[in-house]
Structures are given as C-alpha cells and as structure tokens.
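# Descriptive structure summary
Take a look at the letters that make up each chain.
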Amino acid sequence: MLADADAALERRFDAGADIYDLLRDRAQAVDAALTRVWHSLPWPEDADARISLVAVGGYGRAELHPHSDVDLLILTVDEPDAELTPSIERFLTMVWDLNLQVGHSVRPITECLRLAREDLTIATTLIESRTLTGSDDLRQELTRLLDEGDIWPSKEFFSAKCREQEARHRRFENVEYNLEPNVKQSPGGLRDTQTVRWITRRHFGTDDFAHLVALGFLTAEEHELLSDGQRFLWRVRFGLHVRAGRCEDRLLFDHQRALAERFGYRDREGKLAVEQFMQDYYRTVLAVRGVSDVLLQLFDEEILNKDAEERIEPINERFHVRNDYIEALSSRVFEDDPAALLEIFVLMSNNETIQGVRAGTIRLIRDSLHLIDDAFRNDVGVTHYFMDLLRAPYNLVSQLTRMRRYGVLGAYLPEYGRVVGQMQYDLFHIYTVDAHTMQVIRNMRRFRYESARESFPVAHDCVSRLPKVELLYVAGLYHDIGKGSGADHSTVGALRAREFCRRHRLSSNDSELVAWLVRDHLVMSSIAQRSDISDPKVIQDFARRVKTTARLDYLYALTVADINATNPTLWNSWRATLLRQLYMEARAALQRGLDTPIERAQRVRDTVDASVAALKDIGIDRKRALETWDNPDDGYFLQQSVEDIVWQTRVVAAHRLDEGPLVFVRNVTGQVQTEGATQIFLYTQDQANLFAATVAALDQLGLSIHGARIHTSESGLCFNTYLVLDENGLPLGENAARFAQIRDTLANAVSDASSFPGVLRRRVPRALKQFASATEVSVTDDPSGDYSVLRVLAADRPGLLARLGAIFLEFDLNVMNANITTLGERVEDVFFITDHKGERLDDPELIARIEATICERLDSVVSG
C-alpha cells in the first residue's frame, strides 16, 4: 500500500502537482497504514479511553516528505500495564517492518509534561500534534496543559527559539549561499519558516501565516514571499528525497544537476541549467530569511519588549534611534526624500552604537525600492552618500550586507543585482558572486586592524598606506560583477567599474586605477602560481605592468582578500609565501627604477658570491663548494635562496652517495607562522623515472606537493627540492617520527626508481566526480628561453602528479621546476621542462603528441 502510494506521489510530483497536496497525501497514506496496523492488534475493550496514537512534529503538521521521520507518540493515561504493553510492542515491531523512519515514545500525560518542561525540543514537538486513532481527549488534555503558560511561557519560548536559530545559523557561518546547502537547516531554509510558525503558535495560538497578515505582522507581499518560498523549498526537499531514496536534506552537487533537469531548467548561453536552478534557490532563501528576520524583530518588539522603557535619541528630521535601533520618523520619509534610502546606512556606519534597523523601517525601505531609478542613481547627493558610506569608519560590511538583504544594493547597482544568487558550479568558489563580494570587502576591512598584522602582515601594511582606501572597496565590489555575462568577467567588470566611477564623479586617475584593478585582479595570483618568480625578467615584466608601488599595494590587498574570500582552503602557507615574494621583488624593482633591471647573469653571480661567503663561515671554502655543486644549471642559483644553498651544500658535502640517496626534511617558516612550507631535499644520482617515483612516494605519504625545484649537475647529480604541506595547508611541524617516515619512504622509492610501483589506485572522491571537465594542456616558450612551459588544467584526482611523471619519462622530458596549484576540483600545474638534451621543445609534432597523451591519460582516470 505504501509502495503504491509513493509511486503515485512521485508521478504526480513530476507532473507538477501542488506540493502541499503531495505532503498532505503522503501523511494520509502513512496514517492509513499505521491505523490499519494498530487496529489489527488485540487491544483491551477500554483501550480507546486509555491510549491513543498521536502524530507529532512535522508528521503532526501533516507535512510528510517521502523519507522524512514519522514521529509518533503513544499517549496513555497512566504507565502502560500488562494489558497494553504486548500490543504496544507488537505495533512498534510491525511499524519498523514497514521500513518507515519512525521516531516513537510511549508516555503518559504527566511524563510528557515533565519532559516538555526540561527540553525545548520535546515541547516544540508536542505543540504540533494530531490524533491518528484512539480518543482525541487525551491529546486535547495534553495540549490544554501545555498551553496554560507555565511550561515555556511565551517570552521564554521566543528567546530560546531565537537562540536556537542563531546557533544553527552560526553552524553555517550565517550565510545562505553555501556550495552544497542544507535545504532544511541552512539560513533561509525550511527550519526558519518552522521557527516562525512555532513562535506564532505559542504566542498567538495559530500557525497560519495568513493570520499574521490580519494581525499586522505580515504584509500581503511578505506573506506571498514566505508562502511561495516555503513551497519552493518543499518541492526541492521532496525531489531530494525521491532522488536519494532516503532522507536527504543536503543539496549535493549530483542532486543539483539532477533536480535542475527534473524541474525543467535548460542550459543557455552564459549560464548552465544547474546555475539557473541554484540562483532561484539562493534568491528564495534570501527572501525567506529577509521576511523571517523582520518577523522575529517584530515579535521581539511585541513579545519581549512591549512594556520596556523606551529610549529615544534624535538624529535629524528624518530618523531617530529607538532602543538602539534606527527608525524612520514618518511613513513618508523616503517618498519625501528618496536619498534617505542611502542616508540611513551612512548614519549607521558613522554611529557604532546603532544595533540595526527597526522592523517597520526595514519594511518601509523594501516598499520604497521603486524610488531607486536612473534619476536616483545619478543624483549628486545620492552618489555622495554612497561614497561617504565607503569612507565611513564603522561596520561598512554590515551596512552593505543590510543593503543587499533589503534589496537596496541590487537596485542602486543593477549590475550587482544581476549577480545576486549567481553561483559558479565548481569547488573553487564556495559562495555565490554577491556573497563572495561581501566576503572580499570584509577581508579588506580586516586588514586595517592591528590584529591582522600577525596573520596578514603585508596586506596590513599595504592597506595602511593606501591614500584612498575607498577605491579598494570599489574594486572589490566590481571585480567579479561580470560573472555570468558570457564574456570575460574581468573585462566586463572593468567597463562597469569605469561607469560607476564616472557616475560617482571620481577623478580620471582614480577611475583608471579602479578599472585596472578590476581588469587585472587575477594577474598577481596567476604570476605567483604559474610563473618562475625567481626569474628577474618575470619580476621586471610584472613591475612594468603595475607601474607604481601604490598600485602594487592596491593589487596585493585585492588579491589576498579575493583568495581568502573564494575558498578558505585556497589560502595556505605556501601561497602566502609566493605572493609575498612576488610583492617584495616587484616593490624592490619599482623602487630601484624600471630602467635599471637586474640582469639574470648578475643575479646568478651575486647568489654564488653570497653563498660562498656564507659557506666560508662554516668551514667550506670556495673550491669545495664548487666541487659539491658540480656546475649545476643557473636555475639552481636563481630559484634557491642563499640560506637554502648553504644548508644544502653543508649536508651534501657531508654525505657519500655510496650510502644511498640523501633525503633531508626541513620546515621553512616565512615572515609569519602562516607562511612557509616543508622542504624535502633529495640528493641522488639522476635516473629514469626519478620524478615520477618521487611524487608517487610523496602522494603515498599523504603530502600535498605545491612546488618542485629540479636541478641536475654536470655529472648527473640531482639537487631536487619539493615543497609540501599537510592536509590543513600548513608545514608539517617538528615531528621527528614523521620526518623519519618521509626519509625512509622516499629513499626506498628512489633507490631504484625504474621499478617504482606506479600510481596509487584510489577512488576519485564523490564531489570531484561531479566536476570532471576535459583536461587542457599547452606548451609554450618561457620568456628566458631556457626551457618550455607545460601548463596542465585538469580535474583533480588521486595520483595525478605521478601519472604526469610517467608521461614525462615516456617522452624523455626533464622537469626543471614546477608550480603545483589546486583550485577546488581543478588543478593548474605548471612545469618548466626541457628535452633529453636539456633544450626547450621546438618540434610541433612532438608537442602535439605530448599534449594529446596527457589529455587522454588524465581524462580516462575520471571517466573510468
């Protein structure tokens, strides 16, 4: 009976049946099954007066999704006796045999009351109930006693529910836009609507949103938003349960694709079907959260503070502060002076004692959004207000976030409004474009604080020196605003940023700076991660692009804020080190003057001389140092610091190769604890398959490789350094046992690299499978002319570097240097390679075969 009912419900669901009818009919189907089982049992003749079967919780509301919990209360007058107990036990056994997700309790009324007093969750469950079979008198008596007021009085219930919701929102970082949101628990999800209903039921005796309109707590438009939002989320949750075949509230990537197709979304130019579906989802939860926030604030004013003494602080003829919340003095304040729609946020950003906006004023703001038209956007007073907001001392991000939630920011900046809820279907970006933008500006603000000096010392110094920090915020607002346009988002964003600057009457120099920052906001991270930043020419070319130290400060701050706001896992100690190194080298080049670059050969001579001088202090003279180095390639003295050359020379000079390979593990700290990496130095005789065997062994050790510096001396001795981090993106720490394990494993692997066991066979993680995109490979010449640059953009997978190493061996390629970058589900790896003669690749046919082989081998892993 249940299977037939579920199949019929699924057919109706796909046919577009009303979702509330489906939830109610699912509950009725379960009702019928449970009552049929109940009545099949041998109950005593007087059972109806002594016991009843009660649906509670969501099932009690008759809102039952395909695999939701079926919460049951077997309610009795007294503790069950020998006559009732056998049938109760048999009933529960039979119910479990139906494969329903049952949560049950067997309690007399007195026990229900006692537990309700002690536990808010139990009290909440019991206020949503209906009798399935047996006398309804028992449930009505329980409800009457619960409603009398001494069990969770209205004020206590409201306060507890607000704390509960705040804690739940914190678990999701207070954002609606998680990459794989929980339809039920995330901010703006179904639990938010349920919280409103519970509070309404406890205080007003009704859980019907329509009654809140009659009571003046909801407008007709808000009621429609809340009801439509709830139905949309119900439909998504119903679809999740059907697809997963179990209770599943997480909107995982594979479910997102499937539901987008099931709901009729189709790919179109510039936006995938799944992105359209998720934008509708995100905009729905934003609307639900907005309405529920206003309701809870109104409830706070009505339930908690109705009789509280009021404190009024005048501000001007339009606004005052009532009990720490700003309030409009008239319902016509925005009609009479539309610019006040921005003024209110400027006032809050200049007065840190204001805690927020009164609920009635929030509603007034939303009702006045129609006033924001082109005339409003071009009004001199309005544009001054917006720039004043960006220059204000307090809570800028809080005000921008309020503007976003109330609809003001999207109306004032229509280009921003278009990206509200705009997701990017990958693991790299964990927030929607608009939420990411707020995070970027929040990071920029954090850099100003003294506490940032420890974690982000360079960014702190940069922001402290900026002559006009508001220009940084404008660049932050616009850097990703071109996403979803179908064109290059940096170019589109720069054009829109320039228009913003014109409208806000910024100078030509300021406009050019903002447009350049938006257009080139990815350049610094790209060069740090994909180029050989030890090459003086790379630094000189970057410095010429930046032009001034002030522009460098702006770009560095934007870059670091952007990376940290994109995905917390992207900012690791090694990426911090690379960016700082690029910043410092470029700053030195700019201060030295772009017309006086340091030549490559001069850099090599300077490093050799400095290393020889330092080695002399520890007893190694120039002759012995040169013999130890054995005439390595110039890259060794360009890519390694003097400090690294000194300690490597010391350990190599003391080692005999007939004792086997030398493996030395060392932590390298940067300017602060959050920078640096663990260096694994390998000194051994060069041999075929050495790179592949090394990276396979490091992969087996669970280490994340972020860089490789490969140097071979004249007689074939390898001075190879691998830069690794742990699973938390940090150096390994001083762990003697771990270091010993690394030394032993790596030494064994490279002792006979030709027989290394091959690539580890590990399952491709679930999330990565959803983003399996085609591998892209390109081979170009390095600006220095010494080697070729092989770039690989591919879906991440276990053992990727080892597979690439095997391909390098197959084509007899030498890896001279490597930058390894993982961006969510994608890797962007750069290898500086030569052929077996040590020369760059110049055979187009060979290059084409290499590119085709890498694509074929890597793509077969994910597809297989």
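Per chain, residue numbering runs from 1 following the sequence as it is written. Local features in this predicted model are restricted to residues whose pLDDT is 70 or higher, and side-chain atom pairs enter the listing and the counts only when it is 80 or higher, whereas totals over whole chains, interfaces and linings include all residues. For side-chain calculations, the full set of non-hydrogen atoms in the structure is used, while hydrogens and water are omitted.

Turning our eyes to something else, we now look at the overall build of the chain. In DSSP terms, a helix is any run of H or I states spanning at least four residues, a strand is any run of E spanning at least two, and both are numbered starting from the N terminus. Of regular secondary structure, the chain possesses 41 helices and 17 strands. Its C-alpha atoms put the chain at 105 × 70 × 50 Å along the principal axes. Across the 864 residues of the chain, 58% fall into the buried class. Two residues qualify as a contact provided that any one of their heavy atoms is within 4.5 Å of a heavy atom in the partner residue. Look at the contacts in the chain between residues 6 or more apart in sequence, and 71% of them connect residues 24 or more apart. Total accessible area computed for the chain in this model is approximately 35,700 Å², and 47% of it derives from carbon and sulfur atoms. In this tally, Lys and Arg are treated as positive and Asp and Glu as negative; His is ignored, and so are the chain termini. Note that the charge is assigned to NZ on lysines, CZ on arginines, CG on aspartates and CD on glutamates. Taking the 102 positively charged and 132 negatively charged side chains of the chain as two groups, their mean positions are separated by 2 Å. Only protein chains enter the accessibility calculation, which uses a 1.4 Å probe; a residue is then buried when its area is under 20% of its type maximum, exposed when over 50%, and partly exposed in between. Surface exposure here means Shrake-Rupley accessible area, sampled with a 1.4 Å probe, where a residue is shielded only by the protein chains that are shown.

This brings us to the sheet that holds strand S1 (residues 51-56). Read across the sheet, 4 strands follow the order S3-S2-S1-S4 without closing on themselves; strand pairing throughout is mixed. Each end of this open sheet is capped by a strand with a single partner; those strands are strand S3 (102-108) and strand S4 (129-134). For this sheet the average axis-to-axis angle between neighbouring strands, irrespective of direction, equals 25°. With 5 bridges connecting them, S1 and strand S2 (residues 70-76) associate as antiparallel partners. For two strands to be treated as a pair, DSSP must find at least two bridges joining them. Where helices are involved, their axes are fitted lines through C-alpha atoms of the stretch in contact, as for all axes, and angles between N-to-C directions lie from 0 to 180°.

Moving on, we come to empty space enclosed by the protein. Put simply, the grid is 1 Å and covers the protein atoms alone, a cavity is a trapped set of points that fit a 1.4 Å probe, a pocket is an open set with protein on both sides within 12 Å along at least five of seven lines, and lining residues have an atom within 4 Å of a point. Grid points are joined across faces, edges and corners, and a volume is the space filled by probe spheres set on the points. Using the criterion set out here, one finds 3 cavities of 30 Å³ or more in the structure. Here the lining of the largest cavity gets 3 residues from one element, more than from any other, and that element is helix H32 (residues 573-592). Three classes are used, and their members are as follows: Ala, Val, Leu, Ile, Met, Phe, Trp, Tyr, Cys and Pro are nonpolar, Asp, Glu, Lys and Arg are charged, and the others, Gly among them, are polar. Taken together, the residues of the lining of the largest cavity break down into 3 nonpolar, 5 polar and 1 charged.

When a carboxyl oxygen of Asp or Glu lies within 4 Å of a side-chain nitrogen of Lys or Arg, that pair is called a salt bridge. Throughout the structure, instances matching the rule amount to 64 salt bridges. Between Arg-363 and Glu-222 there is a salt bridge, and its shortest N-O distance comes to 2.8 Å. Residue Arg-363 is found in helix H17 (residues 359-367), and its partner Glu-222 is found in helix H12 (residues 220-244); the two are separated by 141 residues along the sequence. The salt bridge involving Asp-541 is made with Lys-537; its shortest N-O contact spans 3.0 Å. You can see Asp-541 and its partner Lys-537 sitting in helix H30 (residues 536-546), 4 residues apart, about one turn around the helix. Through salt bridges with shared partners, one network takes in Glu-301, Glu-310, Arg-322, Glu-327 and Arg-358.

Caution applies to low-pLDDT regions: their predicted coordinates should not be interpreted in detail. Averaged over every residue, the pLDDT of the chain is 90; residues scoring 70 or more account for 95%. Note that residues 759-768 has pLDDT below 50 and, in this model, 22 contacts with residues that lie over four places away or in other chains. Confidence per residue, as judged by the predictor, is encoded in pLDDT with a range of 0 to 100.

This part covers the nonpolar core. Think of a nonpolar core as a cluster: buried Ala, Val, Leu, Ile, Met, Phe, Trp, Tyr and Cys residues, connected wherever their side-chain atoms sit within 4.5 Å. Counting 178 residues, the largest nonpolar core has Phe-299, Phe-386 and Phe-542 as its most contacted members. The element contributing the most residues to this core is helix H14 (residues 273-304), with 16 residues. Ignoring sequence-local partners within four residues, the contact set of Phe-386 consists of Leu-342, Met-403, Leu-409, Tyr-412, Leu-413, Leu-477, Phe-500 and His-504. Listed in part, the 51 residues of the second largest apolar core include Leu-698, Ala-708, Ala-802 and Ile-833.

Two rings from Phe, Tyr or Trp (for Trp, the six-membered ring) form a pair when their centres are within 6.5 Å of each other. A pair whose planes differ by under 30 degrees is stacked, one over 60 is edge-to-face, and the rest are tilted. Across all of its chains, the model carries 33 aromatic pairs by this definition. Arranged with centres 5.9 Å apart and planes meeting at 50°, the rings of Phe-204 and Phe-299 form a pair that is tilted. With Phe-204 in helix H10 (residues 190-204) and Phe-299 in helix H14, this residue pair connects regions lying 95 residues apart in the sequence. A residue is classified by how much of its surface remains accessible, and Phe-204, at 25% relative accessible area, is partly exposed. What makes Phe-299 buried here is its relative accessible area of 0%. Three or more aromatic residues link up through ring pairs in this structure, and these residues are Trp-629, Tyr-636, Phe-637, Trp-647, Phe-664, Phe-681, Tyr-683 and Phe-719. In this structure, Arg-130 is placed above the aromatic ring of Tyr-59, and the distance from its NZ or CZ to the ring centre is 5.0 Å. Counted as over-ring charges are cases with an Arg CZ or a Lys NZ within 6 Å of the ring centre that also lie within 35 degrees of the ring normal. Taking the ring centre of Phe-13 as reference, the NZ or CZ of Arg-235 above it sits at 4.3 Å.

Before going further, it helps to spend a moment on the environment of Val-538. As for its placement among the helices and strands, Val-538 is situated in helix H30. Residue classification places Val-538 among the buried residues on the basis of a relative accessible area of 10%. Distance in space between the C-alpha atoms of Val-538 and Asp-782 is 9.7 Å, their sequence separation being 244 residues. Once residues lying within four places of it in the same chain are set aside, the contact partners of Val-538 are Ile-527, Ser-531, Asp-532 and Ile-533.

Further remarks concern a negative patch on the surface. Here a patch means residues that are over 30% exposed by relative accessible area and free of salt bridges, tied together within 9 Å if like-charged and within 5 Å if nonpolar (Val, Leu, Ile, Met, Phe, Trp, Tyr). A surface patch of negative charge is lined by Glu-221, Glu-224, Asp-228 and Asp-367. Of all the elements, H12 adds the most residues to the negative patch, at 3 residues. Secondary-structure assignment places Asp-228 in helix H12. By relative accessible area, which is 45% here, Asp-228 ends up partly exposed.

Next up on the list: the pairing of strand S6 (residues 319-322). Covered by surrounding structure in S6 are Phe-319 and Val-321 together with His-320 and Arg-322, the residues of both alternating faces. Here strand S5 (residues 312-314) runs beside S6; their pairing, made up of 3 bridges, is antiparallel. Counted as the bridge partner of Ile-312 is Arg-322 from S6. Counted between consecutive antiparallel strands, the loop separating S5 from S6 contains 4 residues. In this sheet, strand S7 (residues 325-328) lies alongside S6 in antiparallel orientation, the contact comprising 4 bridges. Its bridge partner being in S7, Arg-322 is matched across the sheet by Tyr-325. Once S6 ends, the chain turns through 2 residues before running back antiparallel as S7, passing Asn-323 with a positive phi of about 50°.

Along the chain, Ser-713 turns up in the loop between strand S11 (704-709) and strand S12 (717-725). Look at Ser-713 and you get buried, because its relative accessible area is 6%.

Its place among the elements puts Pro-536 in helix H30. For the pair formed by Pro-536 and Phe-209, sequence separation is 327 residues and the distance between their alpha carbons is 67 Å. Here Pro-536 is in contact with Ile-598, Arg-600, Arg-603 and Leu-638, once residues within four sequence places are set aside.

Right, let's talk about unusual backbone geometry for a bit. If you check the backbone angles, Asn-99 has positive phi at about 65° while not being a glycine. Residue Asn-99 is classed as exposed on the basis of its relative accessible area, which comes to 67%. Look at Trp-152: it is not a glycine, yet its phi comes out positive at around 50°. With respect to the helices, strands and loops of the structure, Trp-152 is situated in the loop between helix H8 (136-147) and helix H9 (154-171). Take Trp-152: its relative accessible area is 19%, and that puts it in the buried class.

Pairing is mixed in the open sheet, where 4 strands are placed in the order S5-S6-S7-S8. Each having just a single partner strand, S5 and strand S8 (356-357) make up the two edges of the open sheet. Those strands touched by helix H16 (residues 340-349) are S6, S7 and S8, and its axis lies near 45° from that of S6. Along the sheet face, H17 touches S7 and S8 and points at about 50° away from the line of S7.

Its 12 residues place the ends of helix H36 (residues 642-653) 16 Å apart at the C-alpha level, agreeing with the 16 Å of an ideal helix rising 1.5 Å per residue. Listing the buried residues of H36 in full gives Asp-644, Ile-645, Val-646, Trp-647, Gln-648, Thr-649, Val-651 and Val-652. Helix span, as expected, comes to 1.5 Å for every residue beyond the first.

Within the secondary structure, Thr-193 is located in helix H10. Beyond its immediate sequence surroundings of up to four residues, Thr-193 is in contact with Phe-209, Leu-226, Gln-230 and Val-288.

A pair of packed helices can be characterised by two numbers: the angle between their axes and the separation between those axes. The interhelical angle for the contact between helix H34 (residues 622-629) and H36, taken along N-to-C directions, is 80°, at an axis separation of 10 Å. Viewed along their axes, H34 and H36 adopt a mutual orientation that is roughly perpendicular. Residues Arg-624, Thr-628 and Trp-629 of H34 form the contact with H36, whose participating residues are Ile-645, Thr-649, Val-652 and Ala-653. What sets the label is the angle itself: under 35 degrees gives roughly parallel, over 145 gives roughly antiparallel, 65 to 115 gives roughly perpendicular, and the rest give oblique.

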